[in-house]
Structure formats: structure tokens, C-alpha cells
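The residues making up each chain are set out below.
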Amino acid sequence: MLRVGVVGCGAIGSIICRALDKDIEGAKLVAIHEHHIENIKSLCAELSCKPKLMKISEMVKEVDLVVESASAVAVPQAAIAALENGCDVMIMSVGALVDGQLLENLVNLARKHNCKIYLPSGAVAGIDGIKSAASAPIHSVTLTTTKPPRGLAGAPYVIANKIDLDAFDKPEVIFDGTAIEAVKAFPANVNVAACISLAGIGVDKTRVKIVVDPGSTRNRHEIEVIGDFGRFTTEVENIPFPENPRTSYLAALSAVATLKKIASPLQIGT
Ligand SMILES: NC(=O)c1ccc[n+]([C@@H]2O[C@H](COP(=O)([O-])OP(=O)(O)OC[C@H]3O[C@@H](n4cnc5c(N)ncnc54)[C@H](O)[C@@H]3O)[C@@H](O)[C@H]2O)c1
């Protein structure tokens, strides 16, 4: 039985805890670490597995896998402690790994301690295809993210360029650049851009377009990959969480699917 500890129990972490409590054969939730204990009282009361609340330094002595679903800041803290103690780690705040040095350090630690680092696909479809395609030359990867005006409000690029988001009456591209430029210009897109880049051709070669669509109510992510294999496209229209509209429901479901894959003898997909 895979013993799991969850760091951060907000929109995504709560779904993970509930799934571990009921749905995931071969895995059980044994520990939680959360900054705001008062926010998770009702979650803890509802879980029949009764996980212990503990510090990360205690958790890594009790579990086989640490799931980070907290924040980019929590990634080095949780992942380093996990790997140094021989635990596998699953990281939801994938954007933290845009810092290539942190990723390299974590991979070296994982090798040294014979552990694994899992990065779920998150809010997009097509990571499996990008990974397959990357076994031969890839010519281009383009992520086009379309959001309603309110979904882009406050982004550093919008503010710096004094873009009036309410002035658009049809969909328009407001940004076209590399993934590394995009995560600085639109930090809310960081996890999606990071995951696609890490699976494929990296943050300097992956292209990101941001489209403002006054007629849309949902965030849409389209990916186009062209390589020696041919070409594919994917498109996801995401439903946001009511508790945290910045997070898509599919991202939490991808975490649950990754846990099922880790705990299962049958591995489907790339
Ligand atoms: N991979 C993806 O595609 C994807 C998609 C959406 C969100 N995310 C990322 O996943 C993370 C969680 O997202 P969410 O929507 O559940 O966020 P959320 O704000 O709803 O929940 C985060 C929870 O973690 C807790 N927390 C934050 N830092 C902590 C720390 N250092 N130690 C313990 N607890 C801590 C907070 O109190 C909160 O309860 C975020 O970093 C988000 O950017 C990734």
C-alpha cells in the first residue's frame, strides 16, 4: 500500500485527499501539511482515513510519496525533504521548475536516492503526445491560451503595455513570444507553459500566444505540435473551480489520475 502525504489542501489538494480516501486502490492518505489549518477542518472531519496533520519534516518519515499541491514557494521545501528521505514526490506547482537549476538539483537528488518525481499533465491535454513526439526531432510547439478579459486582468504584460481589456469586440492575440517570456508576462499561465515546455522542447523554444476573447467565459488551451512524426493539435475548454477560479478542474483530475497510475500495475499512455 502506497502511503501518501499531501502538502497544501486547497482546491486541488482537497480533491486529491478525497480521492485517496475513497477511490484509489493501492494508495492511502496518511498525512497532511497545511498552512491554514482552519480552512481544512471540514475536509479532515469528512475523511474516513483520518490523516495526521504534521510538518513536512515529520511527514517524510511516514510516507512513500509526498504530493505538493500548495504553491511554487513550497516546491523546494517539500521536494527536497521528500527526496532526501527516500520518498517519491508529485509536484503540482510545475511553474517552480521553470528555474532550471531547481529542476536539475531535484533530478540529481532523485537519482541519488533512487526516487521518482511526478509532474501531472495539469490543465492541458496532449502531454503524452508531446513526449512521444520528442523521441524524434520536434520542429515547433505552440500553446495558444484564450481567456475572457477578466481572466487576463492584472497580468504584468497587460499593465506594462496599458492594454484596455474591455476595448476588444472580437478575439485578438495580445502576446506572442517564447514560454520563458510568457511566464513573466502572464504568471497565471506558468504551470501550463512549464509542463508543455518540460515535456517537449524547453522554455526557450516553445511558443506561447495569449488571446483575449470578449465573447468567452472559459479558459481555452490549444496546443499544436509539428515534428518528424507529423502534426497534432489538442484543445481543452476548462471549467474553473468555484473555490479558486485560477485553477481548472482538469488539473486536479490529472493529479488523481497520476496517483492512480503510480498505484496501479497497469500503466496506460506514454
Ligand atoms: N499543474 C497545473 O496545471 C496546475 C493547475 C492549477 C494549479 N496549479 C498549482 O497547484 C497549486 C495548488 O493550486 P490550488 O488551486 O489548489 O491552490 P489553492 O490556493 O486553492 O490551495 C493551496 C493551498 O495550499 C496551502 N499552502 C500554500 N503554501 C503552503 C505551504 N508552504 N505549506 C503548506 N500549505 C501551503 C494554502 O493554505 C492553500 O490551502 C498552485 O501552486 C497552483 O499554481 C497547477
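This one's a predicted model, so the numbers in the text were calculated from it and none came from an experiment. (Residues numbered from 1 in each chain as written. Predicted model: local features only at pLDDT ≥ 70, side-chain atom pairs only at ≥ 80, totals over all residues. Heavy atoms only, no water.)

**Q** It is not clear to me how the site of the ligand should be interpreted in this structure. Could you clarify?
**A** Around the ligand there are 23 residues in total, and Ile-12, Glu-34, Ser-93, Asn-191 and Thr-247 lie nearest to it. In the model, a nitrogen atom of the ligand is placed 3.0 Å from a nitrogen or oxygen of the Met-92 main chain. Between the ligand and Asn-191, the relevant distance is 2.9 Å, taken from an oxygen atom to a side-chain nitrogen or oxygen of the residue. Among the secondary structure elements, those contributing two or more residues to the shell around the ligand are helix 1 (11-22) and helix 4 (74-84). (Near = heavy atom within 4 Å. Polar contact = N/O pair within 3.5 Å; in protein donor to acceptor, adjacent residues only side chain to side chain. Helix = DSSP H or I, 4+ residues; strand = E, 2+ residues; numbered from the N terminus.)

**Q** Help me understand the packing of aromatic side chains, please; the structure alone is not making it clear to me.
**A** If you walk through the whole model with that rule in mind, you get five aromatic pairs. With a centroid separation of 5.6 Å and 70 degrees between ring planes, the pair formed by Phe-175 and Phe-186 is classed as edge-to-face. Linking Phe-175 in strand 8 (residues 172-178) with Phe-186 in the loop between helix 9 (179-185) and helix 10 (190-199), this pair joins segments that are eleven residues apart in sequence. Phe-175 gets classed as buried once you look at its relative accessible area, which sits at 7%. Residue Phe-186 is classed as buried on the basis of its relative accessible area, which comes to 4%. Ring centres 5.8 Å apart and planes at 50 degrees place the aromatic pair Phe-229 and Phe-232 in the tilted group. Feature note: the residues Tyr-157, Phe-175 and Phe-186 constitute an aromatic cluster, connected by ring pairs. (Phe/Tyr/Trp six-rings, centres within 6.5 Å; stacked < 30°, edge-to-face > 60°. Buried < 20%, exposed > 50% of the residue type's maximum accessible area, 1.4 Å probe, protein only.)

**Q** Please clarify how the environment of Leu-83 should be interpreted in this entry.
**A** Among the structural elements, Leu-83 can be located in helix 4. Through-space distance from the C-alpha of Leu-83 to that of Asn-39 is 28 Å; in sequence the pair is 44 residues apart. Once you skip the residues sitting within four places of it in the chain, Leu-83 turns out to touch Val-89, Leu-106, Leu-109, Ala-110, His-113, Cys-115, Lys-116 and Ile-117. (Contact = heavy atoms within 4.5 Å.)

**Q** Is there a simple way to think about the pattern of salt bridges in this case?
**A** Inspection of the entire model under this criterion finds ten salt bridges. With a closest N to O distance of 3.8 Å, Lys-22 and Asp-21 form a salt bridge. What makes Asp-21 buried here is its relative accessible area of 14%. In this structure, the salt-bridge partner of Arg-220 is Glu-222, at a minimum N-O distance of 3.5 Å. Within this structure, Arg-220, Glu-222 and Glu-235 form a network of salt bridges that share partners. (Salt bridge = Lys/Arg side-chain N within 4 Å of Asp/Glu carboxyl O.)

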